[in-house]
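An overview of the molecular structure
For reference, the chains in residue letters:
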Amino acid sequence: VQLQASGGGLVQPGGSLKLSCVVSGSILSINAMRWYRQAPGKQRDLVAGITLGGSTNYADSVKGRFIISRNNAKNTVYLQMNSLKPEDTAVYFCNAVAVERTFTVGNYWGKGTQVTVSS
């Protein structure tokens, strides 16, 4: 199972970016999908999560600004980030809990995509 994140980049404060993460491999289903972020010198923190059924949760710091969504047919999770602030600067990682065709349940990570918010 592989996760490939994309969409990061440099944006000015107040701007927007949309991250995508595609899950590939021999999978039967993908349960929870999440975005985490890690700033230099800090721990990796949960940003947002979405269940198979579409229930979402967000870190307090991004509520009202970020929107997580998923396309189950495309095995893809998205993170729409609006009103970006310099403190949102971090490497963003996607995460998925997936059931493989061997019926093994695994917790998988992508390599991360850099988001830099700066003028």
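Residues numbered from 1 in each chain as written. Predicted model: local features only at pLDDT ≥ 70, side-chain atom pairs only at ≥ 80, totals over all residues. Heavy atoms only, no water.

What about the packing of aromatic side chains?
One pass over the structure, following the stated rule, counts one aromatic pair. Between Tyr 36 and Trp 109 the ring centres are 4.9 Å apart and the planes differ by 55 degrees, which places this aromatic pair in the tilted class. Here Trp 109 lies in strand β10 (residues 105-109) and Tyr 36 lies in strand β4 (residues 27-38), a separation of 73 residues in the sequence. Here Lys 18 stacks its cationic end above the ring of Tyr 78, 4.7 Å away from the centre of that ring. (Phe/Tyr/Trp six-rings, centres within 6.5 Å; stacked < 30°, edge-to-face > 60°. Helix = DSSP H or I, 4+ residues; strand = E, 2+ residues; numbered from the N terminus. Lys NZ or Arg CZ within 6 Å of the ring centre and 35° of its normal.)

Thoughts on the nonpolar core
Ranked by internal contacts, the top residues of the largest apolar core, which has 29 residues, are Trp 35, Val 47, Phe 66, Leu 79, Met 81 and Tyr 92. Secondary structure elements with two or more residues in this core: β1 (2-6), β3 (17-24), β4, β5 (45-50), β7 (66-71), β8 (76-81), β9 (90-100) and β11 (113-117). With five residues, β9 is the largest single contributor of residues to this core. Residues within four places of Phe 66 in sequence aside, it is in contact with Arg 37, Val 47, Tyr 58, Leu 79, Gln 80, Met 81, Asn 82, Leu 84, Asp 88 and Tyr 92. (Core = buried A, V, L, I, M, F, W, Y, C linked by side-chain atoms within 4.5 Å. Buried < 20%, exposed > 50% of the residue type's maximum accessible area, 1.4 Å probe, protein only. Contact = heavy atoms within 4.5 Å.)

So, the environment of Val 1
Mapped onto the fold, Val 1 is located in the segment before β1. Distance in space between the C-alpha atoms of Val 1 and Gly 106 is 8.9 Å, their sequence separation being 105 residues. If sequence neighbours within four positions are ignored, Val 1 has contacts with Val 23, Ser 24, Gly 25, Ile 27, Glu 100 and Tyr 108.

A look at the state of the cysteines
Per the stated rule, a full pass over the model turns up one disulfide. Through a disulfide, Cys 21 is tied to Cys 94; the S-S separation comes to 2.0 Å. Judged by the sign of its S-S torsion, about 55 degrees, the bond between Cys 21 and Cys 94 is right-handed. In this pair, Cys 21 is assigned in strand β3 and Cys 94 in strand β9, connecting sequence segments 73 residues apart. (Disulfide = S-S within 2.5 Å.)

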